[in-house]
Amino acid sequence: MPSDVYSSRRFAGKSPHWVDLPRRRLLTALALLPLLPLAPASATVPQRIIALEWLPLEMLFALGVTPLGAADTHDYSIWVGEPTIPASVLDIGRRSEPNLEYIAELKPDLLLFSEGYGPRSSQLNAIAPSMEFSFTSERGEPLRTVSDGLLKLSDRLDKTQAGHDHLAWFDRQLEEARGQLAGFRRQPLLVFTLVDDRHVMILGKNSLFGNVMTRLGIENAWQGDDNGWGTAMVGLERLASLAPLRAICLDHRDEQARARVAATPLWQAIPFVRENMLRTVPALWIFGATLSALRFCRMLQQQEKQW
């Protein structure tokens, strides 16, 4: 039935004023449309999230979010370890070279990546919206940088309160630990990991764990230069020149390499080795965020009881 016939029958017997009322109401509603509240932000909150690097992956876990996919899930168990990646999380390839075709097939809502690592942002944005995260700043403040990044992510995922709650809880944990680590304030602390049979990588004051040590009132034994990541690559002979200290070596399942180094006269001549002031601890991710920082703090608390 034609619309004009339907209209004439529907409004038969009605006054002209009544017939015009729906039209006037429509015009009024259109005029007020810019003043009406927008749809809730949750309607656009990403649900299918893929983390292409471990830094934003850790931030997701801190916010209680499980991603659809993540990169290098096997190596994560070696270098990071905790929190454990749920079995439901799909492996999307290496962090440096993720499988972009597979990622596109998964139809993600949001891709998370780290600055200067992996594909270019233009490649990722061709698949889905992306967010970039930095580990540190020009000021050498990774702890502040990753905390800011976590808040940025919490806003994007409509979890702003969860982000602030997590950081407040993190600050309380560090403050509580500070009072329990008096022993570490009696001597400087050296934190390093073995690179090869003749070199180690030391965590300087501008590293994530160096920032944590500052918060805990612990002096970093390494006062030399470090790079933009807060680390310094040095030969084993440099360790022999350091003043009395405690030392912690991060284990990355490199037992054979450490055994070879331990058998050398050079290693045995290092003061903290001779004086039994060295401890080897399971892997901690030195380029992580607040959860990695807190694991480092927990490790120090455990060592304080056993040293």
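So, how was this worked out
Residues numbered from 1 in each chain as written. Predicted model: local features only at pLDDT ≥ 70, side-chain atom pairs only at ≥ 80, totals over all residues. Heavy atoms only, no water. Salt bridge = Lys/Arg side-chain N within 4 Å of Asp/Glu carboxyl O. Helix = DSSP H or I, 4+ residues; strand = E, 2+ residues; numbered from the N terminus. Buried < 20%, exposed > 50% of the residue type's maximum accessible area, 1.4 Å probe, protein only. Core = buried A, V, L, I, M, F, W, Y, C linked by side-chain atoms within 4.5 Å. Contact = heavy atoms within 4.5 Å. Phe/Tyr/Trp six-rings, centres within 6.5 Å; stacked < 30°, edge-to-face > 60°. Lys NZ or Arg CZ within 6 Å of the ring centre and 35° of its normal. pLDDT = per-residue confidence, 0-100. Pairing = 2+ DSSP bridges. Axes fitted to C-alpha atoms, helices over the stretch in contact; angles between N-to-C directions. Parallel < 35°, antiparallel > 145°, perpendicular 65-115°, else oblique. Nonpolar A, V, L, I, M, F, W, Y, C, P; charged D, E, K, R; others polar. Expected span 1.5 Å × (residues − 1). Arc of directions from axis to C-beta.

## Regarding the pattern of salt bridges
Line of reasoning, step 1. Inspection of every chain in the model, using the stated rule, returns ten salt bridges.
Line of reasoning, step 2. Across the pair Asp 72 and Arg 95 runs a salt bridge whose closest N-O atoms are separated by 3.3 Å. Highlighted residues: Asp 72 in the loop between strand E2 (69-70) and helix H4 (73-79) and Arg 95 in the loop between strand E3 (90-91) and helix H5 (100-105), separated in sequence by 23 residues.
Line of reasoning, step 3. Given a relative accessible area of 14%, Asp 72 falls into the buried group.
Line of reasoning, step 4. On the basis of relative accessible area, Arg 95 is assigned to the buried category, the value being 12%.
Line of reasoning, step 5. Residue Arg 215 pairs with Asp 171 through a salt bridge whose shortest N-O separation is 3.1 Å. Of this pair, Arg 215 sits in helix H9 (residues 208-216) while Asp 171 is found in helix H8 (residues 160-178), placing the two residues 44 residues apart along the sequence.
Line of reasoning, step 6. Here the salt bridges share partners, and the residues they tie into one network are Glu 53, Asp 72 and Arg 95.

## As for the nonpolar core
Line of reasoning, step 1. Grouped together as the largest cluster of nonpolar side chains are 56 residues, with contacts concentrated most on Leu 153, Leu 216, Leu 250, Phe 296 and Leu 300.
Line of reasoning, step 2. Setting aside chain neighbours within four positions, we find Leu 250 in contact with Val 191, Phe 192, Thr 193, Leu 203, Phe 209, Val 281, Leu 284 and Ile 286.
Line of reasoning, step 3. Listed in part, the 22 residues of the second largest apolar core include Leu 194, Ala 232, Leu 242 and Ala 257.

## Quick look at the packing of aromatic side chains
Line of reasoning, step 1. Scanning the model with the defined rule gives twelve aromatic pairs in all.
Line of reasoning, step 2. With a centroid separation of 5.0 Å and an interplanar angle of 75 degrees, the aromatic rings of Trp 54 and Trp 285 are classed as edge-to-face. Here Trp 285 lies in the loop between strand E10 (278-281) and helix H14 (290-306) and Trp 54 lies in helix H3 (residues 54-62), a separation of 231 residues in the sequence.
Line of reasoning, step 3. For Trp 54, a relative accessible area of 2% corresponds to the buried category.
Line of reasoning, step 4. By relative accessible area, which is 8% here, Trp 285 ends up buried.
Line of reasoning, step 5. Ring-pair connections join several aromatic residues into one group, and the members of that group are Trp 54, Tyr 76, Trp 79, Phe 135, Trp 229, Trp 285 and Phe 287.
Line of reasoning, step 6. Against the face of Trp 54 rests Arg 95, its NZ or CZ located 3.7 Å from the ring centre.
Line of reasoning, step 7. The aromatic ring of Phe 184 is capped on one face by Arg 246, whose charged end is 4.9 Å from the ring centroid.

## Considering the confidence of the model for the protein chain
Line of reasoning, step 1. Counting all residues, the mean pLDDT for the protein chain is 87, and 86% of those residues have values of 70 or more.
Line of reasoning, step 2. Scored below 50 in pLDDT, residues 1-19 shows six contacts in the model against residues more than four places distant or in partner chains.

## Some details on the sheet that holds E2
Each strand in a sheet pairs with another by means of backbone hydrogen bonds, the pair being arranged parallel or else antiparallel.
Line of reasoning, step 1. The strand order across the open sheet built from five strands is E3-E2-E1-E4-E5, with neighbouring strands paired in parallel fashion. Looking at the sheet topology across the chains shown, the edges are occupied by E3 and strand E5 (130-133).
Line of reasoning, step 2. Bridge count between strand E1 (residues 49-51) and strand E4 (residues 110-114): three bridges; the pairing is parallel. Paired with Ile 50 across the two strands is Leu 111, which belongs to E4.
Line of reasoning, step 3. Docked against the sheet, H3 engages E1, E2, E4 and E5, running at close to 125 degrees with respect to E4.
Line of reasoning, step 4. Contacts from helix H7 (residues 142-156) reach E4 and E5 within the one sheet, and its direction differs from that of E5 by about 165 degrees.

## Considering the packing of H3 against H14
Line of reasoning, step 1. Remark: H3 packs on H14, axes separated minimally by 8 Å, with the N-to-C direction vectors making an angle of 80 degrees. Taken together, the axes of H3 and H14 lie roughly perpendicular to each other. Mapping the contact onto sequence places Glu 58, Phe 61 and Ala 62 in H3 and Thr 290, Leu 291 and Ser 292 in H14.
Line of reasoning, step 2. Each residue belonging to the contact of H3 with H14 can be placed in one class, and the counts come to three nonpolar, two polar and one charged.

## Here's the deal with H8
Line of reasoning, step 1. In a regular helix each residue adds 1.5 Å, so 19 residues correspond to 27 Å; H8 covers 28 Å between its end C-alpha atoms and thus fits that length.
Line of reasoning, step 2. Inspection of H8 places Gly 163, His 166, Leu 167, Phe 170, Gln 173, Leu 174 and Ala 177 among the buried residues, and these make up the whole buried set. Summarising the axial view, the buried residues of H8 lie within an arc of 120 degrees, below the 170-degree limit, and thus occupy one face. Across from the buried face of H8, at angles greater than 90 degrees, the exposed residues are Gln 161, Arg 172 and Glu 175.
Line of reasoning, step 3. Elements that come into contact with the buried residues of H8 comprise H3, H7, H9 and H14.

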